[in-house]
Amino acid sequence: MPALTPFQLPVTTVRGDTVVLPPEIDAYNAPMIREALFSLLDQGVTALIVDLTTTSFCDCAGLRAITRVRRRADVLHTPACVALPDTGSVRRVAELVGFACDDQVATGLAAAHRRLHRV
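Residues numbered from 1 in each chain as written. Predicted model: local features only at pLDDT ≥ 70, side-chain atom pairs only at ≥ 80, totals over all residues. Heavy atoms only, no water.

Observations concerning the pairing of strand β3 (residues 17-20)
Next, step 1: Neither face of β3 is open: one carries D17 and V19, the other T18 and V20, and all of them are buried.
Next, step 2: The pairing of strand β2 (residues 10-14) with β3 spans four bridges and is classified as antiparallel. Opposite V11, over in β3, you have V20 as the bridge partner.
Next, step 3: The turn linking β2 back onto β3 is made up of two residues, and R15 within it adopts a positive phi angle of 50 degrees.
Next, step 4: The sheet contact formed by β3 and strand β5 (residues 48-51) spans three bridges and is parallel. Across the sheet, T18 pairs through a bridge with L48, a residue of β5. (Buried < 20%, exposed > 50% of the residue type's maximum accessible area, 1.4 Å probe, protein only. Helix = DSSP H or I, 4+ residues; strand = E, 2+ residues; numbered from the N terminus. Pairing = 2+ DSSP bridges.)

A word on the packing of helix α1 (residues 30-42) against helix α2 (residues 60-75)
Next, step 1: At their nearest, the axes of α1 and α2 sit 9 Å apart, and the two run at 15 degrees to each other. In terms of their interaxial angle, α1 and α2 are classed as roughly parallel. Once α1 is placed against α2, the crossing between them reads as right-handed. On the side of α1, the interface is formed by A30, R34, L37, F38, L41 and D42, while α2 contributes A61, G62, A65, R68, V69, R72 and A73. (Axes fitted to C-alpha atoms, helices over the stretch in contact; angles between N-to-C directions. Parallel < 35°, antiparallel > 145°, perpendicular 65-115°, else oblique. Left-handed = near helix turned anticlockwise from the far one by under 90°. Contact = heavy atoms within 4.5 Å.)

Thoughts on the UniProt feature "domain: STAS" (unreviewed entry) in the protein chain
Next, step 1: Cross-referencing UniProt, the feature "domain: STAS" (unreviewed entry) maps to residues 24-99 in the present numbering.
Next, step 2: Helix makes up 49% of residues 24-99 and strand 17%, whereas the separation of the span's terminal C-alpha atoms amounts to 17 Å. (UniProt positions renumbered as here; feature names shortened; annotations may be inferred.)

Regarding the pattern of salt bridges
Next, step 1: As enumerated under the stated definition, the model contains five salt bridges in all.
Next, step 2: The salt bridge partner of R70 is D102, with a shortest N-O separation of 2.6 Å. Taken as a pair, R70 in helix α2 and D102 in the loop between α3 (89-96) and β8 (105-107) lie far apart in primary sequence, 32 residues in all.
Next, step 3: Using a relative accessible area of 6% as the deciding quantity, one classes R70 as buried.
Next, step 4: R92 is paired through a salt bridge with E95; the nearest N and O atoms lie 4.0 Å apart. Linking R92 with E95, this pair stays in helix α3, spanning three residues, or about one helical turn.
Next, step 5: Salt bridges sharing partners connect three or more residues here, namely R91, R92 and E95. (Salt bridge = Lys/Arg side-chain N within 4 Å of Asp/Glu carboxyl O.)

Quick look at the pairing of strand β7 (residues 80-84)
Next, step 1: When you tally the buried positions in β7, you get five out of five residues, the bulk of the element.
Next, step 2: Taking every second residue as pointing to the same face, both faces of β7 are buried, with A80, V82 and L84 on one and C81 and A83 on the other.
Next, step 3: Note: β5 against β7, four bridges, orientation parallel. Across the sheet, residue L48 finds its bridge partner in β7, namely A80.
Next, step 4: With three bridges joining them, β7 and β8 adopt parallel strand pairing. Opposite A83, over in β8, you have A106 as the bridge partner.
Next, step 5: Where the polypeptide runs from β7 across α3 and back to β8, its parallel neighbour, the crossover connection is right-handed. (Right-handed = clockwise from strand over helix to strand, strands pointing away.)

This is how it looks when you write it as structure tokens:
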């Protein structure tokens, strides 16, 4: 069973990477999720994947929060990637705002691991 951040955000470790599994992200909880992810980065995780493959809902506020987390990861020199599902509403919103085209975004968790550890 995954551990939880103070905001009750499921966190697990897969192949050495910290994987966060937000069930949904909207304008209400995006700031809390952003702060929980900042906390993980500030604690010194070695790599971070925000796994949206099972997320039921994510709006623009959620994607903006994740973008800020990725920027913080860059500043801290922590590899970070977002795993998007290959279909569905979360994927569609990401495509509409241009988020899906980012080089720190992958389709699926396995692809996110590969992207983080490419040689």
